[in-house]
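Coordinate inspection notes
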Amino acid sequence: MGGIATGIRYLSGYGNINVGNPASYSALQLTTVDVGVFGNITQLSRSQLSENSYNFSLSHINFGIPLGRPGGISFGIMPFSDVGFSYAIPGTIDTTAIRTVYAGAGGTTKAYLGYGIAITNNFSVGANVSYIFGTLENITSVEFPDDIGALNIRKDSSQYVNGFSFDYGAQYFQPLGNNVSLTVGYTGTAGTPLNTRASRVVTRTPTSVEDDVENLPVDSIDTYEGQKERITMPMKHSLGFSVAKGTNWLVGGEVNYAQWSNFQIGDHHPNLTNSYGFAVGGQITPDITSVNYFNVVDYRLGFKYNKSYVNVENQDIKQMAVTVGFGFPLPALFSGAFYKINFSSELGQRGSLSNNLVRERYINFNLGFTLNERWFIRRPYD
């Protein structure tokens, strides 16, 4: 649904874990388990050149547990950031051809624990405490592809990232009559710093005779390990709403803003710009009581736009995407349990070909499995 989450409280009668706004945990009625996987197809283009890449990974494992009328808790693990690139820039030193190669890999993961509580019958608040950890790898090398006697210079840098992050949210929900309800939500992320422990090694390696064979380094000319730095993360804000009629339909939207101009790694300020965007989306379920299976399927559609934190050649890098999705309910294997398979696809574009920049077109696939069941109930008979 375009990624809207801030103003979403209920969705189609099934329990959903909305990590995007922890205030929604107070609406949990059943113990919920949600597991998902993620796939991606990307095409990068510049001038007359293009290249395709593919990616596949686990997207999340989340648990939600109701705590009676006051609220509920949620915990789980999911990716937080991802790095993956490799490109080369040809050049010359005097009359000698060189090639400068840049590459990056790795990512960070977020493990979270959150609690949401209903303050009144129409207002709830919540918060997530997350631990972020992972390793980021960066490689820069200067190569002499046509000079066998030259020594290539390569710098391998790695950063181990860890630290805590805090996000919070609130939701106001009000019946409007005729089984229609309104939910308005807000979420924010505190700009708490993360810790990094950096290491680096610079080596010299003979030029390889064959492109697919890499020689061993002959020596290292610089190295250090364990240097500590802090990453200053940006504050983020999101405001959203949704209007729903029972389990039949839901429409909503949200706007977001993040202060990426405050982002900093140690003493390095990468001069990022503040980002902002919006998203709209909706869902329709024709008749959840129908015996016709296609009438109980959820049909979802959305659109989103973002002005990213990157500015290249005085041009903002923008992103636009259309999303489509389906929720397929499955027959319960035993009483009190509900199952649903959720599938979504996002077709989008980031950047442009103007000013000799790079344009990214992508298709994201998400497949999730949701289980709702009554756990932790004291039974009258054994």
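Up top is the structure.
Keep in mind it's a predicted model, so treat the numbers as computed, not measured.

Some details on the overall build of the protein chain
- When its secondary structure is counted, the protein chain shows one helix and 17 strands.
- In terms of its C-alpha atoms, the protein chain occupies a principal-axis envelope of roughly 80 × 45 × 45 Å.
- For the protein chain, with 382 residues in total, the buried portion stands at 39%.
- A sequence separation of at least 24 residues applies to 62% of the contacts in the protein chain between residues at least 6 apart.
- With an accessible surface of roughly 21,200 Å², the protein chain has 59% of that area assigned to carbon and sulfur atoms.
- The centroid of the 25 positive side-chain charges in the protein chain is displaced by 13 Å from the centroid of its 28 negative side-chain charges.

What to know about the nonpolar core
- Judged by nonpolar contacts, Ile132, Leu136, Val161, Leu194, Ile231, Met233, Ala258, Trp260, Phe263 and Leu272 together constitute the single largest core of 10 residues.
- Excluding its chain neighbours within four sequence positions, the residues that come into contact with Ile132 are Phe80, Thr108, Thr109, Lys110, Val161, Asn162, Gly163, Ser165 and Leu194.

Here's the deal with the pairing of strand 15 (residues 315-330)
- As paired strands, strand 14 (residues 298-312) and strand 15 are joined by 12 bridges and run antiparallel to one another. Paired with Phe303 across the two strands is Val322, which belongs to strand 15.
- Where strand 14 folds back on strand 15, the antiparallel hairpin that results is connected by two residues, among which Glu313 adopts a positive phi of roughly 55°.
- Of the strand pairs in this sheet, strand 15 and strand 16 (residues 337-351) are connected by 12 bridges, and their pairing is antiparallel. Among the inter-strand pairings, Val324 is bridged to a residue of strand 16, identified as Ser345.

Thoughts on the pairing of strand 1 (residues 31-46)
- Taken together, the 15 bridges between strand 1 and strand 17 (residues 359-373) define a ladder with antiparallel strand orientation. Residue pairing for strand 17: Ile41 is matched across the bridge by Ile363.
- Counted along the chain from strand 1 to the antiparallel partner strand 2 (residues 49-66), the turn is two residues long, and its residue Ser47 has a positive phi close to 55°.

As for a nonpolar patch on the surface
- A surface patch of nonpolar side chains, about 1,000 Å² in accessible area, is lined by Ile41, Tyr54, Tyr293, Phe294, Phe326, Phe328, Leu330, Phe343, Phe365, Leu367 and Phe369.
- Contributions of two or more residues to the nonpolar patch are made by helix 1 (293-296), strand 15 and strand 17.
- Relative to the helices and strands, Ile41 resides in strand 1.
- Owing to a relative accessible area of 34%, Ile41 belongs among the partly exposed residues under this scheme.

Some details on the pattern of salt bridges
- Inspection of the entire model under this criterion finds six salt bridges.
- The residue Asp298 makes a salt bridge to Lys340 at a minimum N-O spacing of 2.4 Å. Linking Asp298 in strand 14 with Lys340 in strand 16, this pair joins segments that are 42 residues apart in sequence.
- Looking at Asp298, the relative accessible area reads 0%, which means it is buried.
- Assessed through its relative accessible area of 4%, Lys340 is described here as buried.
- Each of the salt bridges in this network shares a partner with another, and the network as a whole consists of Asp298, Arg300 and Lys340.

Let's talk about the packing of aromatic side chains
- In this structure the tally under the stated criterion is 15 aromatic pairs.
- The cationic tip of Arg9 hangs over the ring face of Phe173; the distance from NZ or CZ to the ring centre is 3.8 Å.

Re the environment of Ser53
- Residue placement: Ser53 occurs in strand 2.
- When its relative accessible area of 33% is taken as the criterion, Ser53 is described as partly exposed.
- Sequence separation between Ser53 and Thr42 is 11 residues; the distance between their C-alpha atoms is 5.2 Å.
- Setting aside residues up to four positions removed in sequence, Ser53 forms contacts with Asn40, Ile41 and Thr42.

What about the environment of Thr96?
- Among the secondary structure elements, Thr96 is positioned in strand 4 (residues 96-120).
- When the C-alpha positions of Thr96 and Pro286 are compared, they lie 68 Å apart, and in sequence the two are 190 residues distant.

How each quantity is defined
- Residues take numbers from 1 onward in each chain, read along the sequence in its written order.
- Reporting of local features is limited, given that this is a predicted model, to residues whose pLDDT is at least 70; pairs of side-chain atoms are given and counted only at 80 or more, and all residues count toward the totals for whole chains, interfaces and linings.
- Excluded from the side-chain calculations are hydrogens and water; all other atoms, namely the structure's heavy atoms, are used.
- Numbering of helices and strands runs from the N terminus; a helix is a DSSP stretch of H or I covering at least four residues, while a strand is a stretch of E covering at least two.
- The classification of residues rests on relative accessible area computed with a 1.4 Å probe and restricted to protein chains. Under 20% of the type maximum is buried, over 50% is exposed, and intermediate values are partly exposed.
- Should any heavy atoms of two residues lie within 4.5 Å, those residues are counted as being in contact.
- Shrake-Rupley sampling with a 1.4 Å probe provides the accessible areas, and residues are treated as covered by the protein chains on show and by no other component.
- The sign given to each residue is positive for Lys and Arg and negative for Asp and Glu; His and the chain ends receive no count.
- Think of each charge as sitting on NZ of Lys, CZ of Arg, CG of Asp or CD of Glu.
- Here, the term nonpolar core denotes a set of buried Ala, Val, Leu, Ile, Met, Phe, Trp, Tyr and Cys residues that are joined through side-chain atoms within 4.5 Å.
- Any two strands with at least two DSSP-identified bridges between them are counted as paired.
- Only residues above 30% relative accessible area that lack a salt bridge enter a patch, with like-charged residues linked at up to 9 Å and the nonpolar side chains Val, Leu, Ile, Met, Phe, Trp and Tyr linked at up to 5 Å.
- One side-chain nitrogen of Lys or Arg within 4 Å of one carboxyl oxygen of Asp or Glu is enough to make a salt bridge.
- Between 30 and 60 degrees the pair is tilted, below 30 it is stacked and above 60 it is edge-to-face, where a pair is any two Phe, Tyr or Trp rings, Trp via its six-membered ring, whose centres lie within 6.5 Å.
- Distance and angle both matter: a charge sits over a ring if NZ of Lys or CZ of Arg is within 6 Å of the ring centre and within 35 degrees of the ring normal.

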